[in-house]
Amino acid sequence: MLEGRGGNIGISIGRDGVFMIDSQFAPLIPKIHDAIKALSDKPISFLANTHHHGDHTGGNENISNLGANIIAHDNVYNRIKNNAKQGNNALPTITFNDKLSLYINGEQVMAIHFDNAHTDGDIMLYFTESNVLHTGDVFFHNRYPYIDLNSGGSIDGYIGAVKKVLMLIDEETKIIPGHGNISNKKEYLTFLTMLQDLRGKVLTEIKKGKTEDEVAADTSLSKTYDDLGYSWGFINSEKFRRTVYKSLN
């Protein structure tokens with residue numbers, strides 16, 4: 001796992017070359033490439049994008065210029081193609097709709113799409129021999145997640161995605177989140193509990209007739225998780241309560 005200013009990067013190295021997951025921002029690619037070269041002298045064969053956001057795809061063009069083939073969900077291809085603001089001219093060369101298997105460096109890597117979670121184009125990647133899961137932004141370590149409602153994300157789809165992957169992982173799985181420290185199943189389950197708890201509390205308030213602003217202002221709904229440090233700069237507790245409300249309403 002390589003950490004930087006954008007989403008966490010996953011790297012698989014071996015006889016078949018380098019398999020890279022996400023590319024952060026274009027200006028960081030020289031440093032990222034230096035870090036990869038320190039691990040392997042093999043070329044970057046494939047780059048997988050977990051979704052379309054610029055902090056995960058901003059380096060696509062630079063990595064493509066190094067000879068890598070880019071893998072992503074169909075919706076990611078369409079969003080990158082249609083989003084000129086990203087300034088990213090390197091489109092995925094391999095896309096899929098549901099599931100994809102990549103056999104590289106001695107193991108099967110399963111890429112699995114989840115509908116309407118963080119966005120409408122999310123994939124998680126599971127390394128079947130290494131027992132490593134890269135979640136993209138369908139898991140934020142010890143913090144509230146960003147659910148991009150404008151890009152097809154939803155609280156119900158997000159919870160569904162987090163739950164579905166439980167069939168693949170165990171207590172020994174190393175989990176690379178989209179943002180935050182490397183994690184494990186216990187912390188992943190705590191994150192799921194938080195999502196389900198806040199969804200239930202916000203839904204109760206909606207049924208009582210509470211407005212979006214009332215729910216957003218009600219700190220008691222998320223106090224348990226605020227006290228644990230889940231509120232952070234980009235997604236504070238007020239913003240997350242508001243997002244859950246909008247998604248459910």
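This text goes with the structure placed above it.
My aim in this report is to walk through the structure given alongside it, one point at a time. Source: prediction; values computed, not measured.

One non-glycine residue, Asn116, lies in positive phi territory at about 50°. One non-glycine residue, Asn131, adopts positive backbone phi at about 60°. On the secondary structure map, Asn131 appears in the loop between strand S8 (122–127) and strand S9 (132–134). Judged by relative accessible area, Asn131 falls into the buried class, the value being 13%.

What follows is about the environment of Gly157. Checked against the element boundaries, Gly157 lands in helix H5 (residues 155–164). Judged by its relative accessible area of 18%, Gly157 is buried. Each C-alpha atom, one on Gly157 and one on Phe114, is 7.6 Å from the other, the two residues being 43 residues apart in sequence. Among residues more than four places away in sequence, those in contact with Gly157 are Asp115, Asn116 and Ala117.

Let's shift gears to the layout of surface pockets. By volume, the largest pocket amounts to about 200 Å³. Going through the elements one at a time, strand S1 (10–14) and S9 are the ones with two or more residues in the lining of the largest pocket. Within the lining of the largest pocket, the residues separate by chemical class into eight nonpolar, five polar and one charged. Size it by volume and the second largest pocket reaches roughly 180 Å³. Lining the second largest pocket, in full, are Tyr146, Ile147, Asp148, Leu149, Asn150, Ile235, Lys239, Arg242, Thr243 and Lys246. Looking at the lining of the second largest pocket residue by residue, the class counts come to four nonpolar, two polar and four charged.

Attention shifts here to empty space enclosed by the protein. Using the criterion set out here, one finds one cavity of 30 Å³ or more in the structure. Estimates place the volume of the largest cavity at around 40 Å³. If you trace the largest cavity, you find it lined by Phe19, Ala48, Ile71, Leu100, Leu102, Val109, Ala111 and Leu125. Among the secondary structure elements, those contributing two or more residues to the lining of the largest cavity are strand S6 (99–104) and strand S7 (107–114). Here the residues of the lining of the largest cavity are counted per class, giving eight nonpolar, no polar and no charged.

One finds Tyr158, Phe191, Met194, Leu195 and Phe240 to be the most contacted residues of the largest nonpolar core, which totals 36 residues. Those elements giving two or more residues to this core turn out to be S7, S8, H5, helix H6 (185–207) and helix H9 (237–248). Excluding residues that lie within four positions of it along the chain, Phe191 makes contacts with Val138, Phe139, Phe140, Arg143, Pro145, Tyr158, Val162 and Tyr230.

Next up on the list: the packing of aromatic side chains. According to the stated counting rule, one finds 10 aromatic pairs in the structure shown. Measuring from ring centre to ring centre gives 6.2 Å for Tyr158 and Phe191, while their planes differ by 55°; the resulting arrangement is tilted. Highlighted residues: Tyr158 in helix H5 and Phe191 in helix H6, separated in sequence by 33 residues. Taken as a pair, Tyr158 and Phe191 share a single burial class, namely buried.

Glancing now at the pairing of S6. Of the strand pairs in this sheet, S6 and S7 are connected by six bridges, and their pairing is antiparallel. In the strand pairing of S7, Ile104 is matched with Glu107. Linkage of S6 to S7, two consecutive antiparallel strands, is achieved through a turn of two residues, within which Asn105 is found at a positive phi near 55°.

Thresholds, definitions, all that
Residues numbered from 1 in each chain as written. Predicted model: local features only at pLDDT ≥ 70, side-chain atom pairs only at ≥ 80, totals over all residues. Heavy atoms only, no water. Helix = DSSP H or I, 4+ residues; strand = E, 2+ residues; numbered from the N terminus. Buried < 20%, exposed > 50% of the residue type's maximum accessible area, 1.4 Å probe, protein only. Contact = heavy atoms within 4.5 Å. 1 Å grid on protein atoms, 1.4 Å probe; cavity = no way out; pocket = protein on both sides within 12 Å on 5 of 7 lines; lining within 4 Å. Points joined across faces, edges and corners; volume = space filled by probe spheres on them. Nonpolar A, V, L, I, M, F, W, Y, C, P; charged D, E, K, R; others polar. Core = buried A, V, L, I, M, F, W, Y, C linked by side-chain atoms within 4.5 Å. Phe/Tyr/Trp six-rings, centres within 6.5 Å; stacked < 30°, edge-to-face > 60°. Pairing = 2+ DSSP bridges.

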